[in-house]
Amino acid sequence: GPVLASKFSPDCCLNGTRVALDVLGHFGLELRPLACDVRVYNRVWWEFLATKGDHPGSEEESDALVAAGGWSLGVSGTSGEGPATGWPWHLVAVGHGYLVDSATAQFSRPDKNIHMPDVVKVSAPQFPDLPLFIGNQEGSVVAYQGKPDITSYAHISGFQHSPWNTAVAETIITIMSRARE
């Protein structure tokens with residue numbers, strides 16, 4: 001939460017996942033990284049999806065939904081929305097029936113009524129075999145689709161055991177250890 005937010009920008013899912021894996025591993029919970037496609041919706045857009053069962057079928061329908069307050073965004077390696085400025089997927093930690101996303105803050109769009117915490121930990125016993133949908137009290141919904149065949153994150157500096165990632169993990173471990181005393 002606050003330590004990650006103070007050390008990394010909100011869109012640093014590679015660093016955040018590396019730190020989460022190291023911290024949780026220190027306390028005996030071994031998780032693994034998993035690349036994902038992610039879609040995020042505000043309440044208006046999600047209710048449209050729930051009613052229609054699909055995304056808008058035309059630009060006019062999408063424009064009308066946005067005019068009514070709907071909003072969504074995505075992180076997908078296959079979005080085709082122009083050149084990628086960074087790694088095109090989202091990285092989370094999974095295992096033992098849980099998903100830990102240490103970079104959900106990047107999805108917050110308060111002006112669009114999308115409100116996300118810094119970190120999410122949820123029970124996800126069937127993920128990544130099935131998509132995972134997480135909703136919150138504000139009506140924001142995050143949809144995760146696991147991409148287990150994508151492992152290119154392993155070679156990117158943000159995911160490495162760098163001195164910076166290690167220092168952040170050690171800070172969090174110290175804080176958590178003191179809290180357990």
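Quick look at the structure, then. (Residues numbered from 1 in each chain as written. Predicted model: local features only at pLDDT ≥ 70, side-chain atom pairs only at ≥ 80, totals over all residues. Heavy atoms only, no water.)

**Description of the overall build of the chain**
- Helices and strands together make up the secondary structure of the chain, namely five helices and seven strands.
- Walking the chain from its N terminus toward its C terminus, one meets helices and strands in the order α-α-β-α-α-β-β-β-β-β-β-α.
- The C-alpha atoms of the chain give 17 Å as radius of gyration, which agrees with the globular expectation for 181 residues (16 Å, within 12%).
- In terms of overall dimensions, the chain has a C-alpha envelope of 55 × 35 × 30 Å along the principal axes.
- Relative to its full complement of 181 residues, the chain shows a buried share of 41%.
- For the chain, restricting intrachain contacts to residue pairs at least 6 apart in sequence, the fraction spanning at least 24 positions comes to 67%.
- Carbon together with sulfur atoms contributes 53% to the accessible area of the chain, which is approximately 9,900 Å² in total.
- For the chain, the separation between the mean place of its 12 positive charges and that of its 19 negative charges on side chains is 6 Å. (Helix = DSSP H or I, 4+ residues; strand = E, 2+ residues; numbered from the N terminus. Rg over C-alpha atoms; globule rule 2.2 N^0.38 Å. Buried < 20%, exposed > 50% of the residue type's maximum accessible area, 1.4 Å probe, protein only. Contact = heavy atoms within 4.5 Å. Areas by Shrake-Rupley, 256 points an atom, 1.4 Å probe, with all protein chains shown as cover. Lys, Arg positive; Asp, Glu negative; His and termini not counted. Charge placed at Lys NZ, Arg CZ, Asp CG, Glu CD.)

**Here's the deal with the pairing of strand E5 (residues 120–123)**
- Taking every second residue as pointing to the same face, the buried face of E5 carries Val 120 and Val 122, while none of Lys 121 and Ser 123 on the other face is buried.
- Both strand E4 (residues 98–101) and E5 contribute to a ladder of four bridges, which runs antiparallel. Residue Leu 99 lies in a different strand from E5, and its bridge partner there is Val 122. (Pairing = 2+ DSSP bridges.)

**Observations concerning the environment of Ala 64**
- Take Ala 64: it is sitting in helix H4 (residues 59–67).
- Using a relative accessible area of 47% as the deciding quantity, one classes Ala 64 as partly exposed.
- C-alpha separation for the pair Ala 64 and Ile 173, spaced 109 residues apart in sequence, amounts to 48 Å.

**Remarks on the side chain of His 90**
- By the secondary structure assignment, His 90 is in strand E3 (residues 90–95).
- Given a relative accessible area of 0%, His 90 falls into the buried group.
- Within polar-contact distance, the side chain of His 90 engages the side chain of Asp 101 at 2.8 Å.
- There is a polar contact of 3.2 Å between the side chain of His 90 and the side chain of Gln 106.
- The contact partners of His 90, leaving out residues within four places of it in the chain, are Cys 13, Leu 34, Ala 35, Cys 36, Val 38, Val 75, Asp 101, Ala 103, Gln 106, Phe 107 and Tyr 144. (Polar contact = N/O pair within 3.5 Å; in protein donor to acceptor, adjacent residues only side chain to side chain.)

**As for the packing of helix H2 (residues 13–26) against helix H5 (residues 163–180)**
- Relative to each other, H2 and H5 sit at 45°, their axes nearing to 9 Å. As the angle between them shows, H2 and H5 are arranged oblique. Handedness of the crossing formed by H2 with H5: right-handed. Across from Asn 15, Arg 18, Val 19, Asp 22, Val 23 and His 26 in H2, the residues of H5 making contact are Asn 165, Val 168, Ala 169, Ile 172, Ile 173 and Met 176.
- For the contact of H2 with H5, the class distribution of residues is seven nonpolar, three polar and two charged. (Axes fitted to C-alpha atoms, helices over the stretch in contact; angles between N-to-C directions. Parallel < 35°, antiparallel > 145°, perpendicular 65-115°, else oblique. Left-handed = near helix turned anticlockwise from the far one by under 90°. Nonpolar A, V, L, I, M, F, W, Y, C, P; charged D, E, K, R; others polar.)

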